[in-house]
Amino acid sequence: MALNFKDNEKTPTGRALLIVLLVLSLVLVATYSREDETGVLHSVQSAVQSMVAPLKFVGASAGAAAEGLGDAVEDFTATEETLNALKEQNAALIELIAQSEEYRLEAERLQALLDLKDAYDIDGVSARVVGRSTDAWNQTVTIDVGSEDGVETGLTVMGAYGVIGQVISTAPSSATVRLITDPQSGAAAMLQATRAEGVVRGSLNGLLYLENVEADVQVAVGDIVLTSGLGGSYTRGLLIGLVVSVDGKQGDSSRRIVVSPNETVSNLEEVIVVFSAKSKGVSSLASQLEGASNSQDSSTQEGGDE
Amino acid sequence: MSEPRESLATLIGAVVALLLQVVVAPNVSLFGAVPNFILAYCLVVAIVRPRTAGLVMPFILGLMFDLMGSSPVGAMSFLLVLATFAASRIFVVVDNGTLFMPLAMLVIMTLVVEMAYGLFLLSSGLEVSLIDAFFFRGLPCALYDVVLGLLMFPIMMRFASAPQRPDMGSLI
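Remember, it's a predicted structure, so these values are computed and weren't measured experimentally.

(A) Structural detail: the interface of chain B and chain A. At the interface, 53 residues of chain B touch 48 residues of chain A. Between chain B and chain A, a total of about 4500 Å² is buried, with carbon and sulfur atoms accounting for 66% of that surface. Its largest share of buried area at the contact with chain A, chain B owes to B:Ser70, B:Val93 and B:Arg137, together 15% of the area lost on that side. Linking chain B to chain A there are one salt bridge. Put simply, B:Glu127 and A:Arg201 hold a salt bridge, and the shortest N to O gap is 3.7 Å. Run the count over chain B and chain A and you get eleven residue pairs in polar contact (both at pLDDT 80 or more). The element contributing the most residues to the side of chain B that touches chain A is helix H4 (residues 75-94) of chain B, with ten residues.

Below you can see the structure in the form of structure tokens.
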């Protein structure tokens, strides 16, 4: 293979610029790491996130529309001959049905949030998810409420079935929530049955792991996992999920406990930012969550059987 | 195409890549892998215009990427500046006029940048194993970026490719 070394001209200006930009980048990284959430770079980051939030919302809407269009195209090509005659007559009706179905699903989700609010006697503010993380390494969502609505960094955020994450930065009219499934998340947790404490952590593979549980504590599939409130990072007594798998036996210090997350990022649409809550309905929510998981499993099974 | 028009095309491409990163990328993630339009674009520009590709654009795009996300500000700008500089310099040396070299450059550089970005996050407190970081993020994201880069490559070759220098042209 011929190598063109002669063409690789040396440009002193270019190298000086390279060094300047690299040093500047490292200075920014160091400054960012040293400052707290009120620091200049964190504030600029929050401001930029707030500015791009509407664009993310457009993207999410366009994404949903594209998905719908994809389905429509798929249906059209699958049964083109049969549907051609009926399509025009039914177009308006189909649109109406689709819209009604959308409203019905939204009402269901909002009802679930209201039930959750009642169950926990939550003092908080509801919000819509308007954007998702622009990079692969952070599992975050942007919501449409911010410091003007009383949202502060560190507040717990709940979906219809329980805790989904924590506010990590706020702007006047939006906030960024780090999901509990993010590897950088860590929620002090406890098992409802045994009151044994641990830490629930996310992972890159999307699973939640319950760590630091004493080796002699008995853990069974189906056990309810709640926030313990230790360290003050999450409001105490909120449902995180159910234990779905325990690798290892009681007494094994290296056993791995997997907890089912409440929601997946793609399903998140409405959430509640919790200012304060009293846990009085965890069991009913846990059974709802179990029901939801079972129905998801069975639908997946049916899909797989087809 | 004259040099100012090439630069304009590169600038417009940068704005489009930025918009795609904000609007499209979060909605087309596959198994947790979010495509990095900005990385793919910067590398394609470095390959298409190896002698004239600047460093300021990757720096600004990287900075915007960091500011739009929740990671340390400066990490992606550092990596993009370094990667585009290295890619353009190496490509000048190894370019043999086939599609293999741009492809190889894209594969290697995207993988290096994605993993280096992961290392940045690991050093700033992300508690995952290096193996998980590689298999669950680095590799799938890099493959996704390569696909994007291959889509961008012919477009940028058409609109932003630097004209061949007379001496090179005459030799070929």
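(B) Spatial organisation of the packing of helix H3 (residues 56-68) of chain B against H4(B). Residue and element names in this part refer to chain B. Running from amino to carboxyl end, H3 crosses H4 at an angle of 150°, the nearest separation of the two axes being 7 Å. As far as their axial angle goes, H4 and H3 are roughly antiparallel. Once H3 is placed against H4, the crossing between them reads as right-handed. Counting all contacts with H3, which are made through Pro58, Phe59, Leu61, Gly62, Leu63, Phe65 and Asp66, the residues of H4 involved are Ala75, Met76, Ser77, Leu80, Val81 and Thr84. Of the residues assigned to the contact of H3 with H4, the class counts are nine nonpolar, three polar and one charged.

Procedures and definitions
Residues numbered from 1 in each chain as written. Chains lettered and ligands numbered in written order. Predicted model: local features only at pLDDT ≥ 70, side-chain atom pairs only at ≥ 80, totals over all residues. Heavy atoms only, no water. Contact = heavy atoms within 4.5 Å. Buried area = accessible area lost by both parts, 1.4 Å probe. Salt bridge = Lys/Arg side-chain N within 4 Å of Asp/Glu carboxyl O. Polar contact = N/O pair within 3.5 Å; in protein donor to acceptor, adjacent residues only side chain to side chain. Helix = DSSP H or I, 4+ residues; strand = E, 2+ residues; numbered from the N terminus. Axes fitted to C-alpha atoms, helices over the stretch in contact; angles between N-to-C directions. Parallel < 35°, antiparallel > 145°, perpendicular 65-115°, else oblique. Left-handed = near helix turned anticlockwise from the far one by under 90°. Nonpolar A, V, L, I, M, F, W, Y, C, P; charged D, E, K, R; others polar.

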